[in-house]
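# Structural features, examined
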Amino acid sequence: YHLPSEIKMSITPTTVLRSALSGMLARQFDMDVIAENLANVNTAGYKPNRADFQELVVTDAPEDEVNVPFRGVSLGLTRLSVSPGALTPGLSPLELAIEGDGFFAIRTSDGGTAYTRDGRFSRDSQGDLVTGSGQRVIWQGRLPAGAEALHVNPDGTVMAQSSGQWAQVGVIQVHRFANPSGLLNLDQNLLGVSPDSGAAQGGAPGANGYGQIISGAVESSAADLGEEMSDMVIAQRAYGLSLKAFQQADEMIGLAIHLRGG
């Protein structure tokens, strides 16, 4: 019986050695992603990453090119999990959460725009909404000095009370993406746009599928400690199996060299 030429590939100790090596590198990458998720299980609004890999079975690869990317596992990319975290009470009405789809827009220190679900905002001396690291929230309006109370309605309108009267002082939009899993993790719990995510589309909270804003609430991290620990155990075991295959292939090569030399 002969294999069809389109799936014919030689299997040698070197093939196994390099395939096992690619598996070890892939599982190390997986462990790094899981470790980052574990470090952020208590970070408000954090969205965990998931590692993706691709099995490589190349047809008729040249014998002098049996290394990755022709054999084994392709080193992975990460995709963002967009599952929501639980909502918990905040410390002020300016701490905001999004119930549903959407992200807050943030002006970064270099003048660019990033996005986040971490709504632990506060008022700075100029009446702007800022993140915990001092970066400004992108919104339309200004918080008046000396306001007796502040509140953000579910539709994003920002209200301030002065002399017992409530008045609208601004509005906050939320932003959605065609593929939010394609967003990139940046520093300070921010997310960046990528070609995979598509451009941001701003809209009124609570309308046309955009999530509504909850004033005085904070979204917890979406990273689940139990799930991450389970994934870590699986990755460790997979790494161990690849390591064992690597060692056995190494022994086979050593034996072949010894027999040839003898």
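These numbers were taken from a predicted model, which means no experiment stands behind them. (Residues numbered from 1 in each chain as written. Predicted model: local features only at pLDDT ≥ 70, side-chain atom pairs only at ≥ 80, totals over all residues. Heavy atoms only, no water.)

### Considering the sheet that holds strand β11 (residues 149-152)
Taken in spatial order, the 4 strands of this open sheet run β10-β13-β12-β11, and their pairing is antiparallel. At either margin of the open sheet sits one strand with a lone partner, and together these are β10 (140-141) and β11. Looking at chain direction, β10 and strand β13 (residues 165-171) are connected through 2 bridges and run antiparallel. The partner of glutamine 140 across the bridge, within β13, is valine 171. (Pairing = 2+ DSSP bridges. Helix = DSSP H or I, 4+ residues; strand = E, 2+ residues; numbered from the N terminus.)

### Notes on the confidence of the model for the protein
Per-residue pLDDT for the protein averages 85, and the proportion of residues at 70 or more is 85%. Contacts for the low-pLDDT stretch residues 66-70, under 50 throughout, to residues beyond four places or in other chains number 13 contacts. (pLDDT = per-residue confidence, 0-100. Contact = heavy atoms within 4.5 Å.)

### Details of the pairing of strand β18 (residues 212-215)
Of the two faces of β18, only one is covered, namely that formed by Ile213 and Ser215; the face formed by Gln212 and Ile214 stays uncovered. The pairing of strand β4 (residues 96-99) with β18 spans 4 bridges and is classified as antiparallel. Bridge assignment links glutamate 99 to a residue of β18, and that residue is glutamine 212. (Buried < 20%, exposed > 50% of the residue type's maximum accessible area, 1.4 Å probe, protein only.)

### Thoughts on the environment of glutamine 188
Secondary-structure assignment places glutamine 188 in the loop between β15 (184-185) and β16 (191-192). Counting along the chain gives 57 residues from glutamine 188 to threonine 131, while the straight-line C-alpha distance between them is 9.5 Å. Every residue in contact with glutamine 188, bar those within four places of it in the chain, is listed here: Ser133 and Gln135. Reaching out from glutamine 188, the side chain makes a polar contact with the side chain of glutamine 135 at a distance of 3.2 Å. (Polar contact = N/O pair within 3.5 Å; in protein donor to acceptor, adjacent residues only side chain to side chain.)

### Observations regarding the packing of aromatic side chains
All chains considered together, the criterion is met by 3 aromatic pairs. Ring centres of phenylalanine 103 and phenylalanine 177 lie 5.8 Å apart, and the angle between their planes is 70°; on these two criteria the pair is classed as edge-to-face. On the criterion of sequence distance, the pair formed by phenylalanine 103 in the loop between β4 and β5 (104-107) and phenylalanine 177 in the loop between β14 (174-176) and β15 is long-range, its members being 74 residues apart. A relative accessible area of 9% means that phenylalanine 177 is categorised as buried. Here tyrosine 115 and phenylalanine 177 contribute two aromatic rings whose centre-to-centre distance is 5.1 Å and whose plane-to-plane angle is 85°, an arrangement assigned as edge-to-face. Placement of tyrosine 115 in strand β6 (residues 113-116) and of phenylalanine 177 in the loop between β14 and β15 is noted, with a sequence separation of 62 residues between them. Of the two residues, tyrosine 115 and phenylalanine 177, both sit in the buried class. Grouped by ring-pair contacts, the aromatic residues Phe103, Tyr115 and Phe177 constitute a single cluster. One cation-aromatic arrangement involves arginine 176 over tyrosine 210; the distance from NZ or CZ to the ring centre is 4.1 Å. (Phe/Tyr/Trp six-rings, centres within 6.5 Å; stacked < 30°, edge-to-face > 60°. Lys NZ or Arg CZ within 6 Å of the ring centre and 35° of its normal.)

### Digging into empty space enclosed by the protein
Going through the model one piece at a time under the given rule, you end up with 1 cavity of 30 Å³ or more. In this structure, the largest cavity spans a volume of roughly 30 Å³. Around the largest cavity sit Gly45, Tyr46, Lys47, Thr116, Arg117, Asn185, Asn189 and Leu191, which together line it. Considering only residue class, the lining of the largest cavity consists of 2 nonpolar, 4 polar and 2 charged. (1 Å grid on protein atoms, 1.4 Å probe; cavity = no way out; pocket = protein on both sides within 12 Å on 5 of 7 lines; lining within 4 Å. Points joined across faces, edges and corners; volume = space filled by probe spheres on them. Nonpolar A, V, L, I, M, F, W, Y, C, P; charged D, E, K, R; others polar.)

### As for the side chain of aspartate 30
As for its position among the elements, aspartate 30 is in helix α1 (residues 13-39). Of the polar contacts made by the side chain of aspartate 30, one reaches the side chain of arginine 27; its length is 3.2 Å.

### Notes on the environment of leucine 38
Mapped onto the elements, leucine 38 comes out in helix α1. Not counting the four nearest positions on each side in its chain, leucine 38 is found in contact with Leu225, Glu228, Met229 and Met232.

### Focus on unusual backbone geometry
Positive phi, close to 55°, is recorded for serine 163, a residue that is not glycine. Note on serine 163: relative accessible area 69%, which makes it exposed. Positive phi outside glycine occurs at glutamine 188, with the angle close to 60°.

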